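# Structural overview
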Amino acid sequence: MENNIIEKTHVLIIGSGPAGYTAAIYAARANMKPVLYQGIQPGGQLTITTEVENYPGYPEGIQGPEMMIHFEKQATRMGADIRYGLATKVDFSTQPYKVWIDDEKIIETDALIICTGASAKWLGLPSEQRLNGFGVSACAVCDGFFFKGKEVAIVGAGDTAAEEALYLSKLCSTVHMIVRRDAMRASKVMQERVLNTSNIKIYWNSETDEILGDNKTEGVRIKNTKTGEKIEVPISGFFVAIGHQPNSDIFKGWIDMDETGYIKTIPGTSKTNIEGVFAAGDVQDKNYRQAVTAAGSGCMAALDAERYLTAKGIA
Ligand code: NDP
């Protein structure tokens, strides 16, 4: 480790979704000279969506990847130092805190803002990958609107799937819900709502055999795992709601998290249990998960970091 290049920053931001870039915009405008490492997927989850219609300020909507280029440009224009690179290890035992980038460079930082996001879990089917953005989505709130009046399918049986199925049932003619067991994991109240919604049709003991369509989603082949029977259902949208995985592995053992790895923040703030370490966006939010809420929490993190550094007499 002696040969690692060491660099010192006041504020280090890791992650480049709406939370990270917004934190960078605020931190740069406050003259904190933030350095932001973009991580493995520059732009984050929005770079794998198509049109974004619910982010305020874009009356005509905008493509997700283009929106993230706007975020990045704005952060750069404010003076943030945006870099390629993945945070691979941290050491919070002494201040300034250490963050390893690509296992070779060490950044020592007075304050750290974690915006590493979460990744949707996918089924792993080739057709799911091929049609991603062409009718296949992992976010009903983001993309449900495009299937107004049409038939869609959703896979999953947790609270997210239940919530998204209910959301879709208000927009779409029929929601075909594919549940792999004979029971749902979702809370009782959510299950009851789903079961009492007439245009949600549940397929118990069922798995997705294939999503059908060449350039757009046209149907789904559902296999009953008890009987082996396969049926094809015509649909225009296919939603995967089998959970998200917060990208928080490198902080395990350092920062308080819930049982699924979401970083815990003090309610109403971006503060973690480690002073000077803040978290924003989906890595600390399993409930809202929207670009606009992530951006809002990125702003909070930059303001919290600024106040922290000022109180410490560092910035
Ligand atoms: P969960 O892990 O709770 O549920 C995932 C669901 O997807 C389960 O039903 C699981 O099936 C199913 N699943 C997993 N892998 C596959 C697969 N390969 N094929 C088919 N189905 C699969 O994730 P959620 O995102 O639903 O929820 C995460 C957490 O967030 C939970 O604690 C939840 O309560 C909470 N939450 C709360 C909300 C609220 O209170 N309003 C809203 C949304 C989430 P199986 O049951 O068979 O394992």
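Reading the values: the criteria
- Residues numbered from 1 in each chain as written.
- Predicted model: local features only at pLDDT ≥ 70, side-chain atom pairs only at ≥ 80, totals over all residues.
- Heavy atoms only, no water.
- Phe/Tyr/Trp six-rings, centres within 6.5 Å; stacked < 30°, edge-to-face > 60°.
- Helix = DSSP H or I, 4+ residues; strand = E, 2+ residues; numbered from the N terminus.
- Buried < 20%, exposed > 50% of the residue type's maximum accessible area, 1.4 Å probe, protein only.
- Near = heavy atom within 4 Å.
- Areas by Shrake-Rupley, 256 points an atom, 1.4 Å probe, with all protein chains shown as cover.
- Nonpolar A, V, L, I, M, F, W, Y, C, P; charged D, E, K, R; others polar.
- Domains from an automatic or database assignment.
- Contact = heavy atoms within 4.5 Å.
- Buried area = accessible area lost by both parts, 1.4 Å probe.
- Salt bridge = Lys/Arg side-chain N within 4 Å of Asp/Glu carboxyl O.
- Polar contact = N/O pair within 3.5 Å; in protein donor to acceptor, adjacent residues only side chain to side chain.
- Pairing = 2+ DSSP bridges.
- Disulfide = S-S within 2.5 Å.

Before going further, it helps to spend a moment on the packing of aromatic side chains. If you walk through the whole model with that rule in mind, you get 7 aromatic pairs. Centre to centre, the rings of Phe278 and Tyr308 are 6.0 Å apart; their planes meet at 70 degrees, and the pair counts as edge-to-face. Of this pair, Phe278 sits in strand E19 (residues 277-279) while Tyr308 sits in helix H7 (residues 291-312), placing them 30 residues apart in sequence. What makes Tyr308 buried here is its relative accessible area of 11%. Taken together through their ring pairs, the aromatic side chains of Phe92, Tyr97, Phe251 and Trp254 make up a single cluster.

Neighbouring residues of the ligand: 15 residues in total, closest Asp159, Thr160, Arg180, Arg181 and Arg185. Expressed as a share of its isolated accessible area of 920 Å², the protein-covered part of the ligand is 71%. Here the shell around the ligand is built from residues that sort into 4 nonpolar, 5 polar and 6 charged.

The domain architecture assigned to the protein consists of domain 1 (5-119 + 244-312) and domain 2 (122-240). Look at where the C-alpha atoms of domain 1 and domain 2 centre, and you get two points 32 Å apart. Counting residues at the interface gives 8 residues for domain 1 and 11 residues for domain 2. Interface area, domain 1 with domain 2, both sides summed: about 740 Å², of which 46% is carbon and sulfur. Our enumeration of links across domain 1 and domain 2 arrives at 0 salt bridges.

Moving on: the pattern of salt bridges. Under the definition given, this model contains 10 salt bridges. Ionic pairing is found between Asp110 and Lys8, a salt bridge with its closest N-O pair at 3.0 Å. You can see Asp110 sitting in strand E8 (residues 105-114) and its partner Lys8 sitting in strand E1 (residues 5-14), a full 102 residues away along the chain. We note a salt bridge from Lys230 to Asp209, for which the minimum N-O separation is 3.4 Å. Note that Lys230 is positioned in strand E16 (residues 230-234) and Asp209 in strand E14 (residues 206-212), a separation of 21 residues in sequence. Among the ionic contacts, a cluster of salt bridges with common partners joins Glu7, Asp81, Arg83 and Lys105.

So, on to the side chain of Thr265. By secondary structure assignment, the location of Thr265 is in the loop between strand E18 (244-246) and E19. Only 3.3 Å separates the side chain of Thr265 from the side chain of Gln284, close enough to count as a polar contact. Residues in contact with Thr265, not counting those within four places in the same chain, are Ser270, Lys271, Ala279 and Gln284.

Both faces of strand E17 (residues 237-240) are covered, namely the face carrying Gly237 and Phe239 and the face carrying Phe238 and Val240. Of the pairings in the sheet, the one linking strand E10 (residues 136-137) to E17 comprises 2 bridges and is parallel in character. Bridging from a neighbouring strand, Ser137 pairs with Phe239 of E17. Strand direction decides the pairing type here: strand E11 (residues 151-155) and E17, joined by 4 bridges, are parallel. Across the sheet, Ile154 pairs through a bridge with Phe239, a residue of E17.

Overall, the coordinates contain 1 disulfide when judged by the stated rule. Across a sulfur-sulfur distance of 2.1 Å, Cys139 and Cys142 are joined as a disulfide pair. Measuring the twist about the S-S bond at about 75 degrees, one finds the Cys139-Cys142 disulfide to be right-handed. For Cys142, a relative accessible area of 24% puts it in the partly exposed group. The cysteine Cys172 is free of any disulfide, with Cys139 supplying the nearest cysteine sulfur at 13 Å. Given the relative accessible area of 5%, Cys172 is considered buried.

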